[in-house]
Each structure stands twice: as C-alpha cells, then as structure tokens.
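One-letter residues, chain by chain:
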Amino acid sequence: MPSAAVVPAMFLAPPPSDEELEDWADEVRAIEEGRFEPDWDALFVNGDELWPVSHDLNSRGEAPAAPVASEADARPIDLVHTLVAVAIRRRQHTAEEYRLMTLILDRAVADPDPWVGPDPTLDLAWEDSRGRSVAAVRRDRADLAERAAAAEIAVHLRLAEQTVRTRVGHARTLQARCGLAWRAFLDGRISESHAIRIARLADSLPDDRGARTAFDTGATERAQRLTPSSFDTAARALREKIHAESIEERHRRAARDRGV
C-alpha cells in the first residue's frame, strides 16, 4: 500500500476566498504604485506576535538577526509584506556599503599617513628628487592614499577597484547634490539602480542650487513609485525640463569643445 502523501502544513488551511484574493491583489497593486504605505514596523509574523522591524545596526555594526516567522500560518499578503521588508533591508545594506566606502576613501584623502606613510614634506631638510612643490607632493600623496584605500576595499569585497571608485563617485554626487535621494537610498526607499541613475543625471546638471533641488525633489519622488526603466525615462525628461541650457545648445557646445 503506497504511503500517504505528506501535505505541507501551510496548505492545510482553507484556501482564501475570491474576495480575499481580490483585496490582497488590490493592496499589493497599491503598494507598487505608491498609493499605500504599509506599516513597516509590523511586517513579520512571529507566532501570534508581531516582530518590529529595526533598521539599525547593533554595537558591532551587524544587522539584527531576522526572526523565525511562522510562515505556515501566514496569509499570502503577510508573506508579501515580509518580502518587501527583506528587500528594504537589502537596499539599506547596499546603501551602507556605499556610505562606508565613501567614508574610508574620504578619510584616506584627509589623512594619507596610514596608507602611504609619514609626510616627508614636514622635514625641513626635505627636497623632492623630481622637483615637485610641497603642494604637489601632498596632492600626490592624497591621490595615492585614495587609490590604496580603494584597492584594499576591492580585495576584501572581491570587487574590481574601478567598481569601488565608481560607487564612491555616485555616493559623493548624491551626498553633494541630491540629499533627498541619498536619504531615500539609506532608508531603503529607493533601489541601488534608481540611486545610480539619479547620480549620473545629477552630474550633468548646471552648477545651480535651484536646479539641483528641483531635480532632487522630483527624481526622488518618481524613484519611489516607478520601476528603474520607467524611472530612467521620467528622470531624463525631468532633467531636460530643469536644465537651463537646451540639449541642442549642449550638443553644439560639445562639438565646439571637441575641436582640435
């Protein structure tokens, strides 16, 4: 006699009604379109208790351990909420990587000694064999320290050194020009893909505080409700609307600048 099939516990509950399925679908659609903001502090079901989601790192700089959720008794929409919370934490951790990479490289520039040794220009008897000035030597030391720090990060994270420098460049652009987008990235409200697109477009804006603020506000709002591909189109249109110089004028200027 064949053994009885083992039915997973989560399938022993009665199936949801058509009305429940429609309600869940409407809620998921509202979340995707930005018309509904779930209670992010009560997403994980742990037995009969709700586990508050914490986005803070502990004293050792580690993320809090995820709870063991009772998935067998969870409704499908509860699992969707759990998945959304996991995605938010992943985005936060990615943004934290960007922040720490930038912090390490910025500190290397500010204090090159740990990376390239003591500053020889502080010695009154020092003379540069290549005839460089003190300022030039210190600039070279800062650049070498930044490169050494990027290489150290790349080795530990198994990344290309250029990848590290590119990520730091995006982070610096967001920090300097798009504070709202940078905050949204750190909070996990926008993805890495959205953040990169914002940084690239912000780099092409004129040196005008009003234009940057308008782009930052509009781009951050769009990034929180659009997919990356749709956002790219909307953000480019926003950039062109805000840019004081038309794209035709920029093309003509670029052609003139390319003249040899």
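Look a little higher up for the structure.
Focus on the overall build of the protein
The number of helices and strands found in the protein is ten helices and two strands. Listed N to C, the secondary structure of the protein is α-β-β-α-α-α-α-α-α-α-α-α in terms of helices and strands. In the protein, buried positions account for 31% of the 260 residues. Once local pairs closer than 6 in sequence are excluded, the contacts in the protein between residues at least 24 apart make up 62%. When the accessible surface of the protein is totalled, it reaches about 16700 Å², and 53% of it is carbon and sulfur.

Side note on the packing of helix α8 (residues 209-223) against helix α9 (residues 228-242)
The interhelical angle for the contact between α8 and α9, taken along N-to-C directions, is 160 degrees, at an axis separation of 10 Å. In terms of their interaxial angle, α8 and α9 are classed as roughly antiparallel. Crossing handedness for the pair α8 and α9: right-handed. The segment α8 lies against α9, with Ala211, Ala214, Phe215, Gly218, Ala219, Arg222 and Ala223 engaging Phe231, Ala234, Ala235, Leu238, Arg239 and Ile242. Among the residues making up the contact of α8 with α9, the classes are represented as ten nonpolar, one polar and two charged.

Some words on helix α5 (residues 161-177)
Over its 17 residues, α5 extends 24 Å from the first C-alpha to the last, a length consistent with the 24 Å expected when each residue adds 1.5 Å. Of the residues making up α5, those classed as buried are Val164, Arg167, Val168, His170, Ala171, Thr173 and Leu174. In the core, the buried residues of α5 are packed alongside α2 (76-110), α4 (134-157), α6 (179-187) and α7 (192-202).

Details of the packing of aromatic side chains
Tallied over the entire structure, the rule returns two aromatic pairs. Between tyrosine 98 and phenylalanine 185, the aromatic rings sit 5.4 Å apart at their centres with planes inclined by 80 degrees, giving edge-to-face as the arrangement. Here tyrosine 98 is found in helix α2, whereas its partner phenylalanine 185 is found in helix α6, with 87 residues between them in sequence. As far as the burial class goes, tyrosine 98 and phenylalanine 185 line up, both buried. Arranged with centres 6.2 Å apart and planes meeting at 70 degrees, the rings of tryptophan 182 and phenylalanine 185 form a pair that is edge-to-face. Of this pair, tryptophan 182 and phenylalanine 185 both sit in helix α6, three residues apart, which is roughly one turn of that helix. Here tryptophan 182 matches phenylalanine 185 in class, with each residue buried. Three or more aromatic residues link up through ring pairs in this structure, and these residues are Tyr98, Trp182 and Phe185.

Reading the values: the criteria
- Residues numbered from 1 in each chain as written.
- Predicted model: local features only at pLDDT ≥ 70, side-chain atom pairs only at ≥ 80, totals over all residues.
- Heavy atoms only, no water.
- Helix = DSSP H or I, 4+ residues; strand = E, 2+ residues; numbered from the N terminus.
- Buried < 20%, exposed > 50% of the residue type's maximum accessible area, 1.4 Å probe, protein only.
- Contact = heavy atoms within 4.5 Å.
- Areas by Shrake-Rupley, 256 points an atom, 1.4 Å probe, with all protein chains shown as cover.
- Axes fitted to C-alpha atoms, helices over the stretch in contact; angles between N-to-C directions.
- Parallel < 35°, antiparallel > 145°, perpendicular 65-115°, else oblique.
- Left-handed = near helix turned anticlockwise from the far one by under 90°.
- Nonpolar A, V, L, I, M, F, W, Y, C, P; charged D, E, K, R; others polar.
- Expected span 1.5 Å × (residues − 1).
- Phe/Tyr/Trp six-rings, centres within 6.5 Å; stacked < 30°, edge-to-face > 60°.

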